[in-house]
Amino acid sequence: EPEVTQTPSHQVTQMGQEVILRCVPISNHLYFYWYRQILGQKVEFLVSFYNNEISEKSEIFDDQFSVERPDGSNFTLKIRSTKLEDSAMYFCAYRDTSNQPQHFGDGTRLSIL
Amino acid sequence: EDQVTQSPEALRLQEGESSSLNCSYTVSGLRGLFWYRQDPGKGPEFLFTLYSAGEEKEKERLKATLTKKESFLHITAPKPEDSATYLCAGSNAGGTSYGKLTFGQGTILTVHP
């Protein structure tokens, strides 16, 4: 079983609405990541988060996206005004040190109508 | 631009029929080459990390190898439970990278009994 729990498992939202995807780690990990996988396409990097701030982000991660870890536990991805092309599986990942691999949650399926 | 390409896209094997999956990469300053397994509706599950050319890692029926330009995942005497999508990903060490993964599109492996 993954050491992070992602909620919800499936989110259906109207275009233009805001969504918040959550990732709850079981242990206190150091590095967190968000990736997305559009149906039939590659897993794509969105953003990395270390020491309570964004350490790296991709071109996909524009102003409509934001991440935070407000209570030191939940790690969230917010999409402010969703578009049809935001429909995808969103995966949270973590690792504990720079020499360890990333481990993934089971994802949230986001469907924009 | 970092790029990871996997072949074949799909592979059908009979139980016991050994084969190999290929991953070619152009990742500047490669820090690690990772293999993951992904089952339908699940997140990627970590299998192996390879750091330098000539390195090999083994786990049950799987063996991963690395050269300067590509990696192979060898599957010996596969069983139906090995059916999954196998993902290859590279991580670079350049600049301020915090270990983002660049994924290939995956190889869908089906093992028939």
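Keep in mind the model is a prediction, meaning the values are calculated, not measured.

Calculation rules
- Residues numbered from 1 in each chain as written.
- Chains lettered and ligands numbered in written order.
- Predicted model: local features only at pLDDT ≥ 70, side-chain atom pairs only at ≥ 80, totals over all residues.
- Heavy atoms only, no water.
- Helix = DSSP H or I, 4+ residues; strand = E, 2+ residues; numbered from the N terminus.
- Rg over C-alpha atoms; globule rule 2.2 N^0.38 Å.
- Buried < 20%, exposed > 50% of the residue type's maximum accessible area, 1.4 Å probe, protein only.
- Contact = heavy atoms within 4.5 Å.
- Areas by Shrake-Rupley, 256 points an atom, 1.4 Å probe, with all protein chains shown as cover.
- Lys, Arg positive; Asp, Glu negative; His and termini not counted.
- Charge placed at Lys NZ, Arg CZ, Asp CG, Glu CD.
- Polar contact = N/O pair within 3.5 Å; in protein donor to acceptor, adjacent residues only side chain to side chain.
- Pairing = 2+ DSSP bridges.
- Axes fitted to C-alpha atoms, helices over the stretch in contact; angles between N-to-C directions.

Chemist: How should I be thinking about the overall build of chain A in this particular structure?
Modeler: The number of helices and strands found in chain A is 0 helices and 11 strands. When the helices and strands of chain A are read in sequence order from the N terminus, they spell out β-β-β-β-β-β-β-β-β-β-β. Relative to the compact-globule value of 13 Å for 113 residues, chain A shows a C-alpha radius of gyration of 13 Å, a close match. Taken over the C-alpha atoms alone, chain A extends approximately 40 × 30 × 25 Å along its principal axes. By the burial criterion, 47% of the 113 residues in chain A qualify as buried. The long-range fraction of contacts in chain A, counting pairs at least 24 apart against all pairs at least 6 apart in sequence, stands at 53%. Working note: accessible area of chain A is about 5,600 Å², and carbon and sulfur atoms make up 44% of it. Chain A carries 10 positive and 15 negative side-chain charges, and their two centres are separated by 3 Å.

Chemist: Would you explain the overall build of chain B in this entry?
Modeler: Scanning chain B from N- to C-terminus turns up 0 helices and 11 strands. Its C-alpha atoms give chain B a radius of gyration of 14 Å, within 12% of the compact-globule value 13 Å for 113 residues. Here chain B holds 113 residues, and 46% of them are scored as buried. Considering only intrachain contacts with a sequence separation of at least 6, the fraction spanning at least 24 residues in chain B is 56%. Carbon and sulfur atoms make up 48% of the accessible area of chain B, which totals about 5,400 Å². Taking the 12 positively charged and 14 negatively charged side chains of chain B as two groups, their mean positions are separated by 4 Å.

Chemist: Sorry if this is basic, but what is going on with the side chain of T82(A) here?
Modeler: All names here are of chain A. You can see T82 is positioned in the loop between β8 (75-79) and β9 (88-95). Of the polar contacts made by the side chain of T82, one reaches the backbone oxygen of Q14; its length is 3.3 Å. When neighbours within four sequence positions are excluded, T82 is seen to be in contact with T13, Q14, M15, G16, Q17, V19, Q64 and I112.

Chemist: Help me understand the sheet that holds strand β3 (residues 19-26) of chain B in this model?
Modeler: Strands in a sheet are paired, the pairing made by backbone hydrogen bonds, and the direction either parallel or antiparallel. All names here are of chain B. Strand order across the open sheet formed by 5 strands is β1-β3-β8-β7-β6, with antiparallel pairing between neighbours. Because the sheet does not close on itself, it has two edges, and the strands there are β1 (3-7) and β6 (56-59). Each neighbouring strand pair of the sheet contributes to a mean axis angle of 15 degrees, computed without reference to strand direction. Here β3 runs beside strand β8 (residues 70-75); their pairing, made up of 6 bridges, is antiparallel. Within β8, the residue paired with S19 across the bridge is I75.

On their own, these measurements won't tell you what the molecule is for.
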